[in-house]
Amino acid sequence: MDPQLCAGLGTLAGKTILVVEDEVLIAMDINECLEEAGAKVLYGRNLRQGMKQLDHEIDVALLDVSLGHSETCLPIAEALRDRGVPFVLHSGDLQRLGETISSIGAPVLEKPCDVAVIRGALLKALASR
């Protein structure tokens, strides 16, 4: 996403962002970028940890679709949707998980994805709220 477009969408500073990502190195990069943008990051590595983070107030979320051990982010996505919290999907398995992804019905970013693009997608999700 164009940085100038991101500028018009607002800021992540002061926002609480849930990141559910089973690949630790990817999560570290994303979380660091979001924290540098002034956001508070809540992190879950799997479905159980992600669901536990739902105890907190969340402004927006980034969800890896496939969380390993045949788990998906679907229960988290449904809980966020019920609360009116916008979210963006992040997946490297678009072909294999196509049906699951389309049933969730949220913006999708394909891995690998530049953190600036992720930041822009989260800003856009917040703006469309």
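Counting of residues starts from 1 at the beginning of each chain's written sequence and follows it residue by residue. In view of the model being predicted, local features appear only for residues whose pLDDT reaches at least 70, and side-chain atom pairs are presented and counted only at 80 or more, with totals across whole chains, interfaces and linings using the full set of residues. Just so you know, side-chain values use all the structure's heavy atoms and leave hydrogens and water out.

Draft legend 1. Local environment of the nonpolar core. Ranked by size, the top nonpolar core spans 20 residues in total, and within it L18, L63, I76, L80, F87 and L89 carry the most contacts. Elements with a contribution of two residues or more to this core: β1 (16–20), β3 (60–64), α4 (74–83) and β4 (87–91). With 4 residues, the top contributor of residues to this core is α4. Put simply, buried Ala, Val, Leu, Ile, Met, Phe, Trp, Tyr and Cys residues joined by side-chain atoms within 4.5 Å make one nonpolar core. Between buried and exposed lies partly exposed: a residue is buried under 20% and exposed over 50% of the maximum accessible area for its type, with that area taken using a 1.4 Å probe on protein chains only. In terms of nonpolar packing, the next biggest core, distinct from the first, is built from 17 residues, I17, L62, L122 and L126 among them. Working definition: helices are DSSP H or I runs of at least four residues, strands are E runs of at least two. Numbering for both runs from the N terminus.

Draft legend 2. Layout of the sheet that holds strand β5 (residues 108–110). Here, a strand pair is defined by DSSP locating no fewer than two bridges between the strands. In space, the 5 strands of this open sheet follow the order β2-β1-β3-β4-β5, with parallel pairing throughout. Two strands lie at the open edges of the sheet, namely β2 (40–44) and β5, each paired on one side alone. Sheet twist, expressed as the average angle between the axes of neighbouring strands with direction ignored, equals 20 degrees. Bridge count between β3 and β4: 4 bridges; the pairing is parallel. Its bridge partner being in β4, L62 is matched across the sheet by V88. Two residues qualify as a contact provided that any one of their heavy atoms is within 4.5 Å of a heavy atom in the partner residue. Every axis corresponds to a line fitted to the C-alpha atoms, with the helix fit spanning only the stretch in contact, and the corresponding angles, defined between N-to-C directions, vary from 0 to 180 degrees. Of the strands in this sheet, β1, β2, β3 and β4 touch helix α2 (residues 24–36), which is tilted by about 165 degrees from β2. With respect to the sheet, α4 is in contact with β1, β3 and β4, its orientation differing from that of β3 by roughly 165 degrees.

Draft legend 3. Structural context of a negative patch on the surface. Each patch is built from salt-bridge-free residues with over 30% relative accessible area, joining like charges within 9 Å and nonpolar side chains (Val, Leu, Ile, Met, Phe, Trp, Tyr) within 5 Å. Under the convention used here, a 1.4 Å probe and the Shrake-Rupley method define accessible areas, while residue burial counts only the protein chains that appear. Between Lys or Arg on one side and Asp or Glu on the other, a salt bridge is scored when a side-chain nitrogen of the former is within 4 Å of a carboxyl oxygen of the latter. Only four residue types enter the tally: Lys and Arg on the positive side, Asp and Glu on the negative side; His and the chain ends are excluded. A charge is said to be at NZ when it belongs to Lys, at CZ for Arg, at CG for Asp and at CD for Glu. Side chains of D29, E32, E35 and E36 sit close together on the surface and give a patch of like negative charge. Here E36 shows up in helix α2. Accessibility expressed as a relative area gives 64% for E36, which makes it exposed.

Draft legend 4. Geometry of the pattern of salt bridges. Across all of its chains, the model carries 3 salt bridges by this definition. Residues E21 and K111 are paired through a salt bridge, measuring 2.9 Å at the closest nitrogen-oxygen approach. Placement of the pair is E21 in the loop between β1 and α2 and K111 in the loop between β5 and α6 (115–127), with a sequence separation of 90 residues. For the residue pair E21 and K111, the accessibility class agrees, reading buried in each case. We note a salt bridge from K111 to D64, for which the minimum N-O separation is 2.9 Å. Residue K111 is located in the loop between β5 and α6, and its partner D64 is located in strand β3; the two are separated by 47 residues in the primary sequence. Owing to a relative accessible area of 3%, D64 belongs among the buried residues under this scheme. In this structure, a network of salt bridges that share partners links the residues E21, E23, D64 and K111.

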